[in-house]
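# Close look at the chain arrangement
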Protein chains: 2
Amino acid sequence: MLPAVAVDLGGTNIRAALFPPDQSKPSQTRRVLTLAEEGPQAVIDRIVDAVRDLGIHDVSATRTGVAAPGPTDPVQGIVYGAPNLPGWDRVPLRDLLAERLGCPVWLGNDANLAALAEWRFGAGQGVRNLLYLTISTGIGGGAIIDGRLFTGAHGLAVEFGHMIVDPDGPQCGCGLYGHLESFASGTAIGRRMAALRAAQDATALEMEPTAAAVGAAARAGDPLALQVIQEAGIAIGRGVASLVHAFDPERVVLGGGVSQLGELIFRPARQAFDASVMHPAYRANVEIVPAALGDDGGLIGAMLLARDS
Amino acid sequence: MLPAVAVDLGGTNIRAALFPPDQSKPSQTRRVLTLAEEGPQAVIDRIVDAVRDLGIHDVSATRTGVAAPGPTDPVQGIVYGAPNLPGWDRVPLRDLLAERLGCPVWLGNDANLAALAEWRFGAGQGVRNLLYLTISTGIGGGAIIDGRLFTGAHGLAVEFGHMIVDPDGPQCGCGLYGHLESFASGTAIGRRMAALRAAQDATALEMEPTAAAVGAAARAGDPLALQVIQEAGIAIGRGVASLVHAFDPERVVLGGGVSQLGELIFRPARQAFDASVMHPAYRANVEIVPAALGDDGGLIGAMLLARDS
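Attention in this report is confined to the structure presented alongside it. (Residues numbered from 1 in each chain as written. Chains lettered and ligands numbered in written order. Predicted model: local features only at pLDDT ≥ 70, side-chain atom pairs only at ≥ 80, totals over all residues. Heavy atoms only, no water.)

### Remarks on the nonpolar core
The criterion, for reference: Grouping buried Ala, Val, Leu, Ile, Met, Phe, Trp, Tyr and Cys residues that are joined through side-chain atoms within 4.5 Å yields what is termed a nonpolar core. Buried, partly exposed and exposed residues are distinguished by accessible area as a fraction of the type maximum, computed with a 1.4 Å probe on protein chains only: under 20%, between the cut-offs, and over 50%, respectively. When checking whether two residues touch, look at their non-hydrogen atoms; a contact exists if any pair is within 4.5 Å.
Residues A:Phe247 and B:Phe247 are the most contacted members of the largest nonpolar core, which totals 102 residues. Those residues in contact with B:Phe247 that lie beyond four places of it in its chain are A:Phe150, A:Gly152, A:Ala153, A:Ala157, A:Ala246, A:Phe247, B:Leu131, B:Ile145, B:Phe150, B:Val158 and B:Phe160.

Spelled out as structure tokens, the structure:
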């Protein structure tokens, strides 16, 4: 078995890691800023530099997996574009990187790959049917169906964040309106908090707080912060109910920064889920649990993609 | 190969049919009223009578498939219950019928089985990934994933009608609120039409019309009817967009009585779908088409279940 190189391309950071054969923990990792505003060419240069900086003697004797945000075509190796990657439009990232690195490259959606990682090494172990949501700046999704990563007919599944949950709702990161992401992402939580504060005190001219800051305020007893996180949790629980009606999984794993708010967000999410299933059978056979791999899901999933492909 | 008996248990009618080996068209069919208000025992008696009335010389030399509404457990052969089957609560229909008929019986959700039938013999032929919605009194769903009927981990997938599309929306047939079914089913169309007429003319004391009657009024130019069907079509198109983001199918088949409104409902549905996908890739690779098997989907799917199990 060859060593695997994994790359997690995010809107903020590029992470690269070297996984020795048969290991699920990297022996080397690098993190550089994406500086996405400089456009695809500069970002691809930085991916190549980050991989080279892992100090691998012979990159051509490795296999590389890449986790990318937003809709991707894993068969053709194309990144269609993502809100946090300005200027990316159908970029053939797999082939560009294969040529630059001189090794075979596989590409997948970051949340799909994080689902794969959670299933193999994290909170999804032991089941054959799993849904995964990563709730962060945006909301991504992944699914394991009957013991396999599900990517749909064209690799475009499963964008759970872009389920319409209220057509009159706020604008989403993708530009459309009323998606789960527009109600429950970290961005949505910060925006809602700023709006409620401004409504309470018209002279407040505050930056949108992060979800973590709203969480800290909630733990300190701030009633607005508690309200905002409860609303987001309810949106998540209702969204998960819709997804459980559709997919009937054994387990739902919630990851991403917002999930790290812990019971503050899990309690209202589970309550809303329980209240939103159409029949008790849907809640009798499914559990909603936190992710176990933290930020490493995409990276580990990219390694698995390279190793297993 | 044995002949197959198929039963489609609906809230209004029970249909039974005999399919000779290797045939997709029945040689005998029977239809009796369900009279669901008389409870499970009476309904099961009528199913048995309808099958016996097919005039099969030796029922024990057949295999029987049963399509039932609402959440079912196909592994245990249990009907969990359905809004239009009052008094049904975890009825072990498969084993009860097997004992009464003296032949092996298989049970499945009616919309799942209709999806299977459309895929094999109807509007879903030629693809490996298909979503099916039957839009009728309620809204049911089915999915073919990678060339197989998808029923989820416990057989409870895919209840697309009970996706929350607006938490402030009307009550659903299942008792909860704001589901796709509460906006776009035939029941919802009739209720909305009656409400708009009452708002226009407070003295109108009208029965809720059927979706077909609303369709006829729309074709005759009634602006309220046109509005109601357009609203339902938009709800369907948005719901399909959410499902396409999640499942990434090759084709979406719409069946049931409401789909028989034709372009009146397909045009706004397709327009809303096109406007509601987060990236052009989602609409480039999927088509939304009418079902081809009419009311026979559940019956043919039940035959396939019996034949292929």
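Read on for the rest.
### Looking at the sheet that holds strand S11 (residues 251–255) of chain A
By definition, the strands of a sheet pair up through backbone hydrogen bonds, in either a parallel or an antiparallel sense. Residue and element names in this part refer to chain A. Short version of the rule: Whether two strands pair depends on DSSP finding at least two bridges between them. Each helix is a run of DSSP H or I of at least 4 residues and each strand a run of E of at least 2, with the numbering of both proceeding from the N terminus. Orientation is described by axes fitted as lines to C-alpha atoms, over the contacting stretch for helices, and by angles from 0 to 180 degrees between their N-to-C directions.
Read from one edge to the other, the open sheet built from five strands follows the order S10-S9-S8-S11-S12, with strand pairing classed as mixed. Each edge of the sheet is formed by a strand with only one pairing partner; in this case those strands are strand S10 (148–150) and strand S12 (287–290). For this sheet, the mean angle separating the axes of adjacent strands, direction not counted, is 25°. Of the strands in this sheet, S11 and S12 are in contact with helix H8 (residues 263–276), which crosses S12 at around 165°.

### Some points on unusual backbone geometry
The residue after A:Ala157, namely A:Val158, is reached through a cis peptide bond having omega 0°. Assignment of secondary structure puts A:Val158 in the loop between S10 and helix H4 (180–184). One non-glycine residue, A:Asp146, lies in the positive phi region at around 50°. Looking at where A:Asp146 falls in the secondary structure, it is placed in the loop between strand S9 (139–145) and S10. What makes A:Asp146 partly exposed here is its relative accessible area of 37%. The phi dihedral of B:Arg90 falls on the positive side, at around 55°, and the residue is not glycine. Among the structural elements, B:Arg90 can be located in the loop between strand S6 (78–79) and helix H2 (93–101).

### Observations concerning the interface of chain B and chain A
Put simply, the rule reads: Summed over both partners, the accessible area lost on bringing two parts together, with a 1.4 Å probe, is the buried area. Salt-bridge detection follows one rule: a side-chain nitrogen of Lys or Arg within 4 Å of a carboxyl oxygen of Asp or Glu. Between N or O atoms, a polar contact is any pair within 3.5 Å; within protein, one atom must be a potential hydrogen donor and the other a potential acceptor, and residues adjacent in sequence are included only when both atoms are from side chains.
Every contact between the two is made by 41 residues of chain B and, on the other side, 41 residues of chain A. Note on chain B versus chain A: buried area summed over both sides is about 3,700 Å², and carbon and sulfur give 62% of it. For chain B, the biggest contributors to the area lost against chain A are B:Ile164, B:Asp248 and B:Met278; these three give 17% of the whole. Counting every contact that joins chain B to chain A gives two salt bridges. Where chain B touches chain A, the interface holds 20 residue pairs in polar contact (both at pLDDT 80 or more).

### Thoughts on the relation of the copies chain B and chain A
The cut-off we apply is this: In this comparison the copies share one frame, found by least squares on the C-alpha atoms of residues holding pLDDT of at least 70 in both.
For the match of chain B to chain A, the screw axis carries a shift of 0.0 Å, the RMSD comes to 0.0 Å, and the turn is 180°. Interpreted geometrically, this transformation is the action of a two-fold axis. A shared binding surface is used by both copies, with 100% of the interface residues of chain B retained as interface residues in chain A.

### Describing the packing of helix H3 (residues 110–121) of chain A against helix H10 (residues 297–308) of chain A
All names here are of chain A. Condition: An angle below 35 degrees is read as roughly parallel, one above 145 as roughly antiparallel, one from 65 to 115 as roughly perpendicular, and any other as oblique.
Where H3 contacts H10, the two axes come as close as 7 Å, and the packing angle between them is 85°. For the element pair H3 / H10, the angle class is roughly perpendicular. Contact with H3, carried on its side by Asp110, Leu113, Ala114, Leu116, Ala117, Arg120 and Phe121, involves Gly297, Gly298, Ile300, Gly301, Ala302, Met303, Leu304, Leu305 and Asp308 of H10 and no other residues of that element.

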